[in-house]
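# Structure assessment
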2 protein chains.
Amino acid sequence: MQEGAAEGRREAVDRRLATLVPETAGAAARLTEAARYALLAPGKRIRPLLAMAAAEHWGGDPSAALDAGCAVEMVHAASLILDDLPSMDDAALRRGRATVHRVYGEDLAVLAAVALLARAFGVLSGPSTIAPEARLRLSAELAGAVGFEGLTAGQTRDLHQRNGTGLDDLALLNRQKTGLLFELAAVAGALAAGADGQVEAARRFGERLGAAFQIRDDLLDVEAEAALTGKDAGQDGDKPTVVSLLGAEGARARLATELSAAQAAAGDGPLMRLAQWSFPG
Amino acid sequence: MQEGAAEGRREAVDRRLATLVPETAGAAARLTEAARYALLAPGKRIRPLLAMAAAEHWGGDPSAALDAGCAVEMVHAASLILDDLPSMDDAALRRGRATVHRVYGEDLAVLAAVALLARAFGVLSGPSTIAPEARLRLSAELAGAVGFEGLTAGQTRDLHQRNGTGLDDLALLNRQKTGLLFELAAVAGALAAGADGQVEAARRFGERLGAAFQIRDDLLDVEAEAALTGKDAGQDGDKPTVVSLLGAEGARARLATELSAAQAAAGDGPLMRLAQWSFPG
């Protein structure tokens, strides 16, 4: 993917996110404001870009996957709000800005996360160029990605079961916390392109890209100062990561392995161009 | 509805809820435990019973609406977990038992609510005898009932905008916090029966029954002691309710008006038998 093409798509994503979660008036306006504060914070939008690249990769119109990709981004934003809560990571900063609960209070932070999650299901199941059966499938997959074997399970594991975690446990944790939404974004792109037969290839690509992304995130946490990442410095300091288990060199090697596996899953084309754009050098 | 028939259905609902949210093993077992603690707490199960009665009312098999009704019950249970949080009502008791966050901690309470919500969407969009287009419609309606114009908006309003609330504001609040899920349950029943043309009648019935239910709840709060309701006594003491605005007699009259309107919406039959069973005397 050319830098310019990715930037153009990212801007399209930002515009669409703002449209899909519009400001509201009245007594609950602050709820929407809190949700938009989280959702529209500057970000790479890798999940929507992945959905669009997957649609393009399998011969579809990238814009057919825009809304589904935005739905995944909403769930991602919701999960960050929850991760940051005082009862969880108790984070003050996220992406260089005060966390949602620090600005809007804990009650509105929780409610905004829930509302964003509901909106994601609404976007996936609402009117769309994606076939009805495929929309039902995406909605069911999103439910799985969030539910008792998904994000919420991963976050439970992250908060309560990190001591003594080995590489296999960590792989499951990272799949639940990161991988499943990457998989869903890629699957949504394949389904938006009508490429039902490519769903499993899309899933494998998303899984591997998600794993690579998590390793890169862990590397950045170690290497960068808070000023660079916008997160509290040392926030993950007491939790095992791929970097703490394998060292920085080992983690970089594993990241390369994941990207090779992603390439093996989908071959060259728009998906690998997105990966190369995301992981320069 | 005969007392025995309602009891039999309630037991079927309880069994199905336990099946739809099974225990899990491993690191996230406590998440499921927290969700089941909330979901399987003794309750009237009025929402699933409403879905089943609506299916029967319009000539369908009540069991065709069982899963959709259970999905609505999951969302209801999730909303109670959130309402009780320290950052919201800070309740110690619910249905006579310690609230979820008091037993499992605030982090697992929030995550259990989110997982229950996701599971509800999974049940609605998963395999079912309800037609695919109808399932998509239910999933989209649930998203609306929870999202920025639904439960989360109602809870925002409840927490931040109660001062000076008049009857109209209160009606909107109660519709967002209670009515929309009653409407959805009734609509799900109509759709499960294949009675697409009765969706708006079902919605009106659910809206009126939900309003009646909320008034009865407010009456109970005022009339009963904590020992009888299982809630903290005077929990709603500083918030306007239909009872505080109209007095107990006025509220009872309004309750009767709502039930008459429910009857006008759907006529006699299984739905009014459920209403009569729910509001004896």
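None of these values were measured; they are calculated from a predicted model.

### Notes on the pattern of salt bridges
As a working rule, side chains carrying opposite charge can pair if their charged atoms are close by. All names here are of chain A. Taken as a whole, this structure holds 34 salt bridges over all chains when the rule is applied. We note a salt bridge from Lys177 to Asp83, for which the minimum N-O separation is 3.3 Å. With Lys177 in helix 9 (residues 167–192) and Asp83 in helix 4 (residues 66–83), this pair connects stretches of sequence that are 94 residues apart. Assigned by exposure class, Lys177 and Asp83 land together as buried. Glu207 is the partner of Arg175 in a salt bridge, and the nearest nitrogen-oxygen pair spans 3.8 Å. In this pair, Arg175 is assigned in helix 9 and Glu207 in helix 10 (residues 199–223), connecting sequence segments 32 residues apart.

### Details of the interface of chain A and chain B
On the chain B side, the residues contacting the 44 residues of chain A number 44 residues. Both faces combined, the contact of chain A with chain B buries some 3,800 Å², and carbon together with sulfur accounts for 77% of it. Seen at the junction of chain A and chain B, the total is zero salt bridges. Run the count over chain A and chain B and you get five residue pairs in polar contact (both at pLDDT 80 or more). Elements with a contribution of two residues or more to the side of chain A that touches chain B: helix 2 (29–39), helix 6 (106–125), helix 7 (132–146) and helix 8 (151–160) of chain A. In terms of residue count, helix 6 of chain A provides more of the side of chain A that touches chain B than any other element does, 14 residues in total. Of the residues in the side of chain A that touches chain B, the class split is 25 nonpolar, twelve polar and seven charged.

### Notes on the packing of aromatic side chains
All names here are of chain A. Enumeration according to the criterion identifies seven aromatic pairs over all chains in this entry. On the basis of an interplanar angle of 45° and a centroid distance of 5.3 Å, the ring pair of Phe182 and Phe213 is categorised as tilted. Placement of the pair is Phe182 in helix 9 and Phe213 in helix 10, with a sequence separation of 31 residues. In this pair, the class of Phe182 matches that of Phe213, namely buried.

### Side note on the nonpolar core
Counting 200 residues, the largest nonpolar core has Leu116 and Phe205 of chain A together with Leu116 and Phe205 of chain B as its most contacted members. Not counting chain neighbours up to four residues away, the residues in contact with Leu116 of chain A comprise Val21, Ala35, Leu39, Met74, Ala77, Ala78 and Ile81 of chain A together with Phe148 of chain B.

### Some remarks on unusual backbone geometry
With a phi angle near 50°, Arg95 of chain A is a residue other than glycine that sits in the positive phi range. With respect to the helices, strands and loops of the structure, Arg95 of chain A is situated in the loop between strand 1 (93–94) and strand 2 (97–98). Phi is positive for Asp90 of chain B, close to 50°, though the residue is something other than glycine. Along the chain, the position of Asp90 of chain B falls in the loop between helix 4 (66–84) and strand 1 (93–94).

What counts, and where the lines are drawn
- Starting afresh in each chain, residues are numbered from 1 along the sequence in its written order.
- Here the convention is simple: chains get letters from A, ligands get numbers from 1, in the order in which they are written.
- Owing to the predicted nature of the model, reporting of local features is limited to residues with pLDDT of at least 70; listing and counting of side-chain atom pairs is limited to 80 or more, with chain, interface and lining totals taken over all residues.
- Water and hydrogen atoms were dropped before computing side-chain values, which therefore reflect all heavy atoms in the structure.
- The working definition used for a salt bridge is a side-chain nitrogen of Lys or Arg within 4 Å of a carboxyl oxygen of Asp or Glu.
- Helix numbering and strand numbering both begin at the N terminus, where a helix is a DSSP run of H or I of at least 4 residues and a strand a DSSP run of E of at least 2.
- Only protein chains enter the accessibility calculation, which uses a 1.4 Å probe; a residue is then buried when its area is under 20% of its type maximum, exposed when over 50%, and partly exposed in between.
- Any two residues whose heavy atoms approach within 4.5 Å at even a single point are treated as in contact.
- For any pair of parts, buried area is found by adding up, for both, the accessible area (1.4 Å probe) each one loses once the two are put together.
- Any pair of N or O atoms that falls within 3.5 Å is considered a polar contact. Within protein, one atom must be able to donate a hydrogen and the other to accept it, and sequence-neighbouring residues count only if both atoms are side-chain atoms.
- In this count, Pro and Cys sit with the nonpolar residues alongside Ala, Val, Leu, Ile, Met, Phe, Trp and Tyr, while Asp, Glu, Lys and Arg are called charged and the others, Gly among them, polar.
- Only Phe, Tyr and Trp rings are paired, with Trp represented by its six-membered ring, and only when their centres lie within 6.5 Å; those with planes under 30 degrees apart are stacked, over 60 edge-to-face, the remainder tilted.
- Grouping buried Ala, Val, Leu, Ile, Met, Phe, Trp, Tyr and Cys residues that are joined through side-chain atoms within 4.5 Å yields what is termed a nonpolar core.

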